[in-house]
Amino acid sequence: MPELPEVETVARQLAPHLKGRTVRSLRILDPLLRAQPTPRLRGRKIVDVRRSGKQVLFEFAPASRTGHPLWLTVHLRMTGRLIWASNPVAEAKEDRVRARFGLDHGALLFADTRRFGTFRWFADERETRPEGVDPLSEAMTVERLSEMASRARQNMKAFLLRQDRIVGLGNIYASEILYDARISPRRRATALRPTEIKRLHGSTRKILRRAIENCGTTFSDFQDAHGLTGSYQQYLGVYDREHETCDRCGGTIRRIVQQQRSTYYCGGCQR
Ligand SMILES: [Zn+2]
């Protein structure tokens, strides 16, 4: 499942190809993507492509002077991919295409093997905003994080995965952030000391930024907008490294199950 860095990667890669393009047609090929009525997109310019929480957000200009702008959020879920195809030859290589946006130059395809990805259309930009705080935004201060932790009756792993508090983290980066901050995933969020909150804040930004620089992490299905895989795997400190040796303290990396999902941590240096 793509997390914040993977979605940011896709949005950053698509933006230069799509911004300023005009939509000529939209074909929804999979009825599952028609939960909402599909709006008319013909003639609308793509104003912006960016990440919003764990989703890719598209902003479309009004089709006429009296019209209204429109927003689309795409949730990639397990296997969803947004691909910019510059020509019909590139396009023909893609299968499992669920939606096709014909543009004045090239096309944007949404391909998705397992069909869990979703489209949502909005007439109001405010409704596209996620409930939780984006960990890379200015709103995510040490004070805010401290306040969130003080109210959470959960262990640290569960705390970081709560999308209504901090948006965008999943299994991989929650483990990596706690490792970097030297905090055990089993600790109660309310028990963190101020110095640990500060470390957690710094580690969250550091790990996410480094993952974005490396175009995310690829485990099974993630591919970026160019069909390539991310390269952050080489930086993983604990994730998927059970029984291996910790590079920091020489301890052994352990795997435990929390909320039915694997958590990796070092028993030596995460307290
Ligand atoms: Zn260690």
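Refer to the structure presented above.
Here the residue index of a chain counts from 1 through its sequence in written order. In keeping with the model being predicted, local features are shown solely for residues with a pLDDT of at least 70 and side-chain atom pairs are shown and tallied solely at 80 or more, while totals for entire chains, interfaces and linings include all residues.

### What about the overall build of the chain?
So, step 1. Numbering of helices and strands starts at the N terminus; helices are DSSP runs of H or I of at least 4 residues and strands are runs of E of at least 2. What the chain contains, in helices and strands, is six helices and 10 strands.
So, step 2. In terms of overall dimensions, the chain is globule-like: its C-alpha atoms have a radius of gyration of 20 Å, near the 18 Å expected for 271 residues.
So, step 3. Each of the three principal axes of the chain carries a C-alpha extent, and together these read 60 × 35 × 30 Å.
So, step 4. Partly exposed residues are those whose C-beta has more than 12 but fewer than 20 other C-beta atoms within 10 Å; with 20 or more the residue is buried, with 12 or fewer it is exposed, and the C-beta atoms are placed from the backbone. Within the chain, buried positions represent 38% of all 271 residues. Put simply, the radius of gyration uses C-alpha atoms, and a globule should come to 2.2 Å times the residue count raised to 0.38.

### With respect to the packing of helix α5 (residues 171-180) against helix α6 (residues 194-213)
So, step 1. It is the contact of α5 with α6, at a shortest axis distance of 9 Å, that shows an interaxial angle of 130 degrees. Classified by the angle their axes make, α5 and α6 are oblique. For the crossing formed where α5 meets α6, the hand is right-handed. Between α5 and α6, the contacting residues are Tyr173, Glu176, Ile177 and Asp180 on the first element and Ser203, Thr204, Lys206, Ile207, Leu208 and Ala211 on the second.
So, step 2. Only Asp, Glu, Lys and Arg are considered charged in this grouping, and only Ala, Val, Leu, Ile, Met, Phe, Trp, Tyr, Cys and Pro are considered nonpolar; every other residue, Gly among them, is considered polar. When grouped by side-chain class, the residues that make up the contact of α5 with α6 number five nonpolar, two polar and three charged. Geometry is summarised by axes, namely lines fitted to C-alpha atoms with helices restricted to the contacting stretch, and by angles between N-to-C directions that run from 0 to 180 degrees. Here the word oblique covers every angle except those under 35 degrees (roughly parallel), over 145 (roughly antiparallel) and from 65 to 115 (roughly perpendicular). For any helix crossing, the convention is left-handed if the near helix is rotated counterclockwise from the far helix by under a right angle, and right-handed if that rotation is clockwise. Contact definition: two residues whose C-beta atoms, as placed from backbone geometry, lie within 7 Å.

### Side note on the sheet that holds strand β8 (residues 118-122)
So, step 1. The strand order β2-β3-β4-β8 describes an open sheet built from four strands, whose pairing is antiparallel. In this open sheet, the two strands that pair with only one neighbour each are β2 (46-52) and β8. The average undirected angle you get between the axes of adjacent strands in this sheet is 20 degrees.
So, step 2. Relative to strand β4 (residues 70-75), strand β3 (residues 55-60) is paired through five bridges, and the arrangement is antiparallel. Note that in β4 the partner of Phe60 across the bridge is Leu70.
So, step 3. The strands touched by helix α1 (residues 4-18) within the sheet are β2 and β3, with β2 carrying the most contacts at an inclination of about 170 degrees. One requirement defines pairing of two strands: DSSP has to find at least two bridges between them.

### A word on the environment of Thr217
So, step 1. Tracing the chain through its elements places Thr217 in the loop between α6 and β9 (253-258).
So, step 2. A residue is classified by how many C-beta atoms lie within 10 Å of it, and Thr217, with 25 of them, is buried.
So, step 3. For the pair Thr217 and Ala92, spaced 125 residues apart in sequence, the C-alpha to C-alpha distance is 27 Å.
So, step 4. Discounting residues that sit within four places of it in the chain, Thr217 has contacts with Ile172, Ala211, Gly230, Tyr232 and Gln233.

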